[in-house]
Number of protein chains: 8
Amino acid sequence: MNDIYTDLGFAKLDLSRKHRTGIAETIYCAGKTKEQLAEILKSFAQKGISVLGTRCSQEQAEYVFQTNIPLSYDETSRLLKLSVGQKEKLNGSIAVCCAGTADLPVAEEAAQTAEFLGAEVQRFFDIGIAGIHRLFAKLEEIRQADIIIAVAGMEGALSSVIAGLVDTPVLAVPTSVGYGASFNGLAPLLTMLNSCAEGISVVNIDNGFGAAVTACKMLRRMKNND
Amino acid sequence: MNDIYTDLGFAKLDLSRKHRTGIAETIYCAGKTKEQLAEILKSFAQKGISVLGTRCSQEQAEYVFQTNIPLSYDETSRLLKLSVGQKEKLNGSIAVCCAGTADLPVAEEAAQTAEFLGAEVQRFFDIGIAGIHRLFAKLEEIRQADIIIAVAGMEGALSSVIAGLVDTPVLAVPTSVGYGASFNGLAPLLTMLNSCAEGISVVNIDNGFGAAVTACKMLRRMKNND
Amino acid sequence: MNDIYTDLGFAKLDLSRKHRTGIAETIYCAGKTKEQLAEILKSFAQKGISVLGTRCSQEQAEYVFQTNIPLSYDETSRLLKLSVGQKEKLNGSIAVCCAGTADLPVAEEAAQTAEFLGAEVQRFFDIGIAGIHRLFAKLEEIRQADIIIAVAGMEGALSSVIAGLVDTPVLAVPTSVGYGASFNGLAPLLTMLNSCAEGISVVNIDNGFGAAVTACKMLRRMKNND
Amino acid sequence: MNDIYTDLGFAKLDLSRKHRTGIAETIYCAGKTKEQLAEILKSFAQKGISVLGTRCSQEQAEYVFQTNIPLSYDETSRLLKLSVGQKEKLNGSIAVCCAGTADLPVAEEAAQTAEFLGAEVQRFFDIGIAGIHRLFAKLEEIRQADIIIAVAGMEGALSSVIAGLVDTPVLAVPTSVGYGASFNGLAPLLTMLNSCAEGISVVNIDNGFGAAVTACKMLRRMKNND
Amino acid sequence: MNDIYTDLGFAKLDLSRKHRTGIAETIYCAGKTKEQLAEILKSFAQKGISVLGTRCSQEQAEYVFQTNIPLSYDETSRLLKLSVGQKEKLNGSIAVCCAGTADLPVAEEAAQTAEFLGAEVQRFFDIGIAGIHRLFAKLEEIRQADIIIAVAGMEGALSSVIAGLVDTPVLAVPTSVGYGASFNGLAPLLTMLNSCAEGISVVNIDNGFGAAVTACKMLRRMKNND
Amino acid sequence: MNDIYTDLGFAKLDLSRKHRTGIAETIYCAGKTKEQLAEILKSFAQKGISVLGTRCSQEQAEYVFQTNIPLSYDETSRLLKLSVGQKEKLNGSIAVCCAGTADLPVAEEAAQTAEFLGAEVQRFFDIGIAGIHRLFAKLEEIRQADIIIAVAGMEGALSSVIAGLVDTPVLAVPTSVGYGASFNGLAPLLTMLNSCAEGISVVNIDNGFGAAVTACKMLRRMKNND
Amino acid sequence: MNDIYTDLGFAKLDLSRKHRTGIAETIYCAGKTKEQLAEILKSFAQKGISVLGTRCSQEQAEYVFQTNIPLSYDETSRLLKLSVGQKEKLNGSIAVCCAGTADLPVAEEAAQTAEFLGAEVQRFFDIGIAGIHRLFAKLEEIRQADIIIAVAGMEGALSSVIAGLVDTPVLAVPTSVGYGASFNGLAPLLTMLNSCAEGISVVNIDNGFGAAVTACKMLRRMKNND
Amino acid sequence: MNDIYTDLGFAKLDLSRKHRTGIAETIYCAGKTKEQLAEILKSFAQKGISVLGTRCSQEQAEYVFQTNIPLSYDETSRLLKLSVGQKEKLNGSIAVCCAGTADLPVAEEAAQTAEFLGAEVQRFFDIGIAGIHRLFAKLEEIRQADIIIAVAGMEGALSSVIAGLVDTPVLAVPTSVGYGASFNGLAPLLTMLNSCAEGISVVNIDNGFGAAVTACKMLRRMKNND
């Protein structure tokens, strides 16, 4: 059984996930103690497996940096990266678009996750529809991508507008940016789910990571990757 | 007391509303029996006051048409109109835009209410953002209006896109058109309330009537009407 | 302007959508009068454009069948199809899975939409997780598809279980099948959005159509279609 | 392209917004790092453009005050103001009413935003309906305004009562003042959307800024401003 | 045990409720078959106990009228009344106010329930705040009552306005009158719960019956009734 | 593969469920066409397997009764029963309690499901807490049961009161009986989930079937059944 | 106008409230700055008017204690009391019951508010239905009160059980005590609104103050107070 | 009366709960002051009764450790244990399963509560369905238990998958682990309530304690305990 997972008691590291799903196991750092996180990272490092940690707090990052594991941490996206060996390279490219500057943490989580998984990423930030000419100015570049990740809070209309203009699948990521009747991201989530434009599918609020993984799974299929 | 309202027991007709608020009393037909509706209409007709009935069912309309009151009824908007004497004429114009054909009942409620109150109305229907070139083709005409009423269901992004492109106030009307996570119009309502574009204010779901009254109150002030 | 849309007054038919987005305009039949629907269909037929109508009621279908337009209608999926000329053929295949028999209308909407758009579809119905061996019995076949559409009501866990077992992107479609705390599909919607398995993106409740269009947009990109 | 926006990478400053919409771009400070905010302000200052920042925290304000940009900050409303050159002057006046003292931050955001955009503002604070004589005492003054902004938390009935008494359009702003079944402002939001009085339109919870911008767009149209 | 309840199998009639709570058992007709309802009524009639049935459908009423029990039925309020012997007489009076004509079914349920329980009732209907002078015209009369029941749908502000003007306790009854963001009465329910005016307590949406029973319990205590 | 399920295309009958889970497959009739239901029943009948159908409409029942399959149908509970061979007999007993007569359909679904699965059932109906002496009168009998199923709508407090008085596990079933702020059973669902009394677990709204199956699974374990 | 309110600019103190409603103005401290609070208190003190402040934070209390105003503060209930002159004395008594120890802050807010307004209060704490014998042990004493205030969090069933056992009106106060599906007091709020026992009316979550004011308004009417 | 509860004024300790319900009283520490908690513990200690405190904060624990009472505290589960005399021993065993490491606090609350009440517990942690082979690897062991407690956040599908594979009753505990559309545990709560697998009943979000008590009540009945 050892070959398909490692049992740490409080965690069972899924060693066959890469084989099964094309994407290696990742670590959801939120809700883990810093000691648990360190032990998990050590275990992956010992096995020579690259792994990505999401929603890693500053405090968790500082703690695990005291180990000898070769880690890097990005404050904006809260991603923790353990990179071992040669990185996978995916053919194809992903455009990560976001509506406003406040959406950057989620957009960067998407962009850097995709890069970690081997994809090429173009960033198009602050192109929300209040000033739609900013989107049109970038439209031809955005159309070149194989997949578009559209990140937006407040009313979240960016993904609908884009999807009506391109022949590329759009992964929409609602964010919790906003206040009042945004209800912590419920508003853009509903917007994206009800889009009258076609070709949009949606992930959880603030889940830039999930959008990137889904995009990379698509790229792998699209481009005869692997 | 007679001069400020008429007491029918089950209803007290507000005769000073026009004086106080610039807009005469209107009748919310839903929830009234057809007999109550007929009695109210008779009372207004006797006093020579024009009045608009909203959300009037086919069945209610047929019943009250059996009276001698000079009524007209529109099936699409479910508006019942009792027109007596000379119509008020408001300077200025209102653009009523809607996203899709299914939004027509609400858009027509807005347009015909505004016309009943004396405003000039331009209609721009089925210009939703899934095919945004349809909106751009009409943009210059829309910009000419003094006020824009933007009616949309599903994700309701039309009002945001318009508001980012014009210097006209936008009254946004979410509709219950849609299904699933539209939650009967909650989705476009939240979209419109959370708009990142400025200059939008919102009325209740499917409330084309309310948007039109608000627009006419604005026109009256704007154009030195009255 | 004639070349990019046809203006019927109550509707503006988007003639450039196929060019812009890879997918021709479709008709959302719900909320349209049967007369409006007939006029729209005639207009497309005259231009020799194939078009798909969704959420078409029995009554609407019967009405438009009285015209001379070459239509077909499927009761289960409520799809109305106007097929003109040669059908597009997309390389690649889509697995449409559903959890229970009651999910069939949505699953068929997905499957037949995808077929209408030229994709090859495999159906795997009634493989919900209450009897997970039924899923495992079909797993190898499901893995062959380029994209998986997972349709489920009640608790909607099917998509998570599948996504943890395959390297294919999964499009999850929550359905309104269920009662009580399903809240008309809210429960499976939330399940799918919160999936701990990676590679899932979600469309609106009961939106088999949207999942199929998204899948076909992916296939077009994946397989050098076009 | 430089003339319509400035690209800072993390932000694209919309330089044509004033031209398009009559209202210059504003900065939503929440969710921006203080370094991003400073860079944006510098860019506007260099171009000689006045700009308003909303939801600016004390900490952000202190940081950007270390630059040489001529800024002012108001703690109550959390508005940050960069004033360059001659201020626009709008004809017409706005009455900003609020129900209770706890609504002041939102009411001041509305009032000061309107003043920043050139409007004349009268303040009528703490005139909620629990002591309705306070409202009646001020009614004649309130009626003089061209537009009324009514700010209220808890049950938010102020806007309905006012709208029933005046011929002025009312912009209603629900606030998050309250507790329990206020659900952070949902209660007054619903109250305002469902008003039986006519002539009310609503903005997001706590969005004094949005109400003021909408009011100023109306004033510009009303009074042949520009 | 017989003296405290009668066991019909599908129902256990509470014979000691009058003794315990001051109010005799009542019958919630909704959800009962017409045969069950008839059997329950017969049992009460045999014991010579007056009883009130609420939410009785037309169809149920017609069925039970075929028995020999001395019943009366009111269509507006859907109340079914079995009156046996001398009616109790409560000192004190209740003012039943409602905002609009569409609230009449609930207001009548309140008024007739109170009358059935022996209270004196004054009706003040259609005095909603859109025309607040109608309320002021009746205010002195309303102030005479010992308890006020305020029934309102839409935004439900009537109870707050009244409570700020009188020294009488106010029982607020939200109704499901309205549409869209009324969410079937949620809007006025929240309004009433969040009232800034003091002395209001609230019952369930459309629960005129419950308000009347509560009011009568108060009257019994207030006026040395019993 | 034949031995673990039968594939009808639109349905895969789970033949190993009894072996795996102790409870044979059941049929959720809602959402199935009557033809599908008939085919499924025939298949089970041919294999000599007893099966229970839930939420079977009158119309479905009438259709399948035209086949030769030995079926029975109960209108109150909407249960359809195909009984083949010797019934299983479970040791131990279940008390099915309900708060009001309107809860009977759910209570009977629970009771008859449990009886179909071989359990002995005692019924205690209409013992809601408005007349708590009715509960106390039956308390000793209720305590004899091995498991209690407590069915209640409206505020759903019955399960809490019982659980505080017995040493038996309580399965709580909220029902959609009620109106207004019951929100179709949300109110009793939340009541039951938040119970301050211990030993309660909860199933879906109106899910008498699910409570009974869970109770029978417990009985089988409790009493060395099987 | 001076005699009916004092205008502090940020606040208008309602001096005629006692006359109009029987209850003097009170101060909602939450959302006021400590300087505003001090100024309001000074103004009341100068006029010789007793006033109660609710939801007063420790920090606010410490600040206003630095003035010379004769104040007292209670940490549990967060009530701030300015007592001037002779206290009103109300005939009749109020029973304040609460379900658990964690409900004490709300129960004390109710009890002390009632005492401040002149009522006699009996406290019955921690008598929740998980151990219903504790309630029965106190029932005779509780029945003596003229009004019962029932405070409960979690599932909030206390008020229903009490109301079924007494002939006294019950004011139910849901509290935010609980977690998870309590949704900050939504669960007991719904429980109380849907009570099958009669004679219950409900105030906002955690609104012990409001219940007490309502109870005192009842007492004043009941007992020929004033 | 002394023998059935101890009255501390702010709390009434239920001394007969063990006798009535099989489970001794427990202390809900949240919302109690540390002084109240200490006094309650002292009272139980003096009577020689073991008692469990739930949701005990670090700060509360530190305070009560200054007394002489023999206490132990577990940080992960936040359980406070006062163990006096011989522990009860329950026959039978409980499998506590959880989906991810972040669910450990809730899983440990369940496991340690069950152990405190005398049950034997097996822990199966981090076996969520994203890597379903981890569950299958443990399935035979899990099947040995008499009752399964399944703890899961995010989409909460673990309980459904398990219930479809075992003949053991499953108590499902949703957790607040997750973000965005998890809505603090609402998502897994709905998942568990809507499970298509049979034999699941659900407790409140994060209520590991409640699941354990329910499980122990079942064990006592199952195994002729007591």
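For the structure itself, look to the data block above.
Because the structure is a prediction, the values reported are computed rather than measured.

**What to know about the overall build of chain A**
In terms of regular secondary structure, chain A is built from eight helices and 11 strands. For 226 residues, the compact-globule estimate of 2.2 N^0.38 gives 17 Å, and the C-alpha radius of gyration of chain A, at 18 Å, lies within 12% of that figure. For chain A, the spread of C-alpha atoms along the principal axes amounts to about 50 × 45 × 25 Å. Out of the 226 residues in chain A, the part that is buried amounts to 70%. A separation threshold of at least 6 residues defines the contact pool for chain A, and within that pool the share at least 24 residues apart is 67%. Of the accessible surface of chain A, which amounts to about 7,000 Å², a share of 46% is contributed by carbon and sulfur atoms. Charge centroids of chain A, computed over 21 positive and 25 negative side chains, lie 5 Å from each other.

**Some remarks on the sheet that holds strand β4 (residues 51-54) of chain E**
Residue and element names in this part refer to chain E. Strands sit in the order β3-β4-β6-β5 across an open sheet of four strands; the sheet is mixed. With partners counted over all chains shown, the strands left at the sheet margins are β3 (27-28) and β5 (71-74), one partner each. Relative to strand β6 (residues 79-82), β5 is paired through four bridges, and the arrangement is antiparallel. In the sheet register, Tyr73 faces β6, and the bridge partner there is Leu80.

**Quick look at the environment of Asp126(D)**
Its location among the elements puts Asp126(D) in the loop between β8 (120-124) and α5 (132-144). Each residue touching Asp126(D), except ones within four places of it in the same chain, is listed here: Cys98(D), Ala99(D), Gly100(D), Thr101(D), Arg134(D), Phe10(G), Ala11(G) and Lys12(G). Engagement of the side chain of Asp126(D) in a polar contact is seen with the backbone nitrogen of Lys12(G), the distance being 2.4 Å.

**Let's talk about the interface of chain F and chain G**
Tallying the contact residues gives 24 residues for chain F and 24 residues for chain G. Among the residues chain F hides against chain G, the three largest losses belong to Glu155(F), Asn194(F) and Cys196(F). Together they make up 30% of the total. Seen at the junction of chain F and chain G, the total is zero salt bridges. At the junction of chain F and chain G, the tally comes to 13 residue pairs in polar contact (both at pLDDT 80 or more). The set of elements that each furnish at least two residues to the side of chain F that touches chain G consists of α6 (158-163) and α7 (186-193) of chain F. At five residues, the largest contribution of residues to the side of chain F that touches chain G is made by α7(F). Looking at side-chain class alone, the side of chain F that touches chain G contains 17 nonpolar, six polar and one charged residues.

**Structural notes on the interface of chain A and chain C**
Taken together, the contact pairs 37 residues of chain A with 38 residues of chain C. In total, about 3,100 Å² of surface goes out of reach between chain A and chain C, with carbon and sulfur atoms giving 47% of it. Linking chain A to chain C there are six salt bridges. With a closest N to O distance of 3.8 Å, Asp167(A) and Arg220(C) form a salt bridge. Our count for the contact surface shared by chain A and chain C stands at 25 residue pairs in polar contact (both at pLDDT 80 or more). Elements that contribute at least two residues to the side of chain A that touches chain C include exactly α1 (17-21), α5 (132-144), α7 (186-193), β11 (200-202) and α8 (208-222) of chain A. Broken down by class, the residue content of the side of chain A that touches chain C amounts to 17 nonpolar, 11 polar and nine charged.

**Section: the relation of the copies chain F and chain G**
The second copy of the chain is related to the first by a rotation about an axis and a shift along the axis. Taken as rigid bodies, chain F and chain G are interconverted by a rotation of 180° and an axial shift of 0.0 Å, the fit giving an RMSD of 0.0 Å. On the angle and the small slide along the axis, the relation comes out as a two-fold axis. When C-alpha positions in chain F are compared against the rotation axis, the closest is assigned to Ala157(F), at 2.8 Å. The fraction of interface residues of chain F whose copies in chain G are also interface residues reaches 100%, indicating that both copies meet through the same surface.

**Re the packing of aromatic side chains**
Within this structure, the stated rule accounts for 12 aromatic pairs over all chains. For the ring pair Tyr28(B) and Tyr179(E), a centre distance of 6.2 Å and an interplane angle of 25° mean the geometry is stacked. Of this pair, Tyr28(B) sits in strand β3 (residues 27-28) while Tyr179(E) sits in the loop between β10 (170-174) and α7 (186-193), which puts the two residues in different chains. Consider the rings of Phe136(C) and Phe136(H), whose centres lie 5.5 Å apart with planes at 80°: the pair is edge-to-face.

**Things to note about the sheet that holds strand β3 (residues 27-28) of chain F**
Residues and elements named next belong to chain F. A sheet is described by the order of its strands in space; here four strands give the open sequence β3-β4-β6-β5, paired in mixed fashion. Sheet topology places β3 and β5 (71-74) at the edges, where each strand pairs with a single neighbour. Of the strand pairs in this sheet, strand β4 (residues 51-54) and strand β6 (residues 79-82) are connected by three bridges, and their pairing is antiparallel. When the bridges of β6 are listed, Val51 appears paired with Leu82.

The rules we used
- Residues numbered from 1 in each chain as written.
- Chains lettered and ligands numbered in written order.
- Predicted model: local features only at pLDDT ≥ 70, side-chain atom pairs only at ≥ 80, totals over all residues.
- Heavy atoms only, no water.
- Helix = DSSP H or I, 4+ residues; strand = E, 2+ residues; numbered from the N terminus.
- Rg over C-alpha atoms; globule rule 2.2 N^0.38 Å.
- Buried < 20%, exposed > 50% of the residue type's maximum accessible area, 1.4 Å probe, protein only.
- Contact = heavy atoms within 4.5 Å.
- Areas by Shrake-Rupley, 256 points an atom, 1.4 Å probe, with all protein chains shown as cover.
- Lys, Arg positive; Asp, Glu negative; His and termini not counted.
- Charge placed at Lys NZ, Arg CZ, Asp CG, Glu CD.
- Pairing = 2+ DSSP bridges.
- Polar contact = N/O pair within 3.5 Å; in protein donor to acceptor, adjacent residues only side chain to side chain.
- Buried area = accessible area lost by both parts, 1.4 Å probe.
- Salt bridge = Lys/Arg side-chain N within 4 Å of Asp/Glu carboxyl O.
- Nonpolar A, V, L, I, M, F, W, Y, C, P; charged D, E, K, R; others polar.
- Least-squares fit on C-alpha atoms with pLDDT ≥ 70 in both.
- Phe/Tyr/Trp six-rings, centres within 6.5 Å; stacked < 30°, edge-to-face > 60°.

Shape descriptors only; they carry no functional weight alone.
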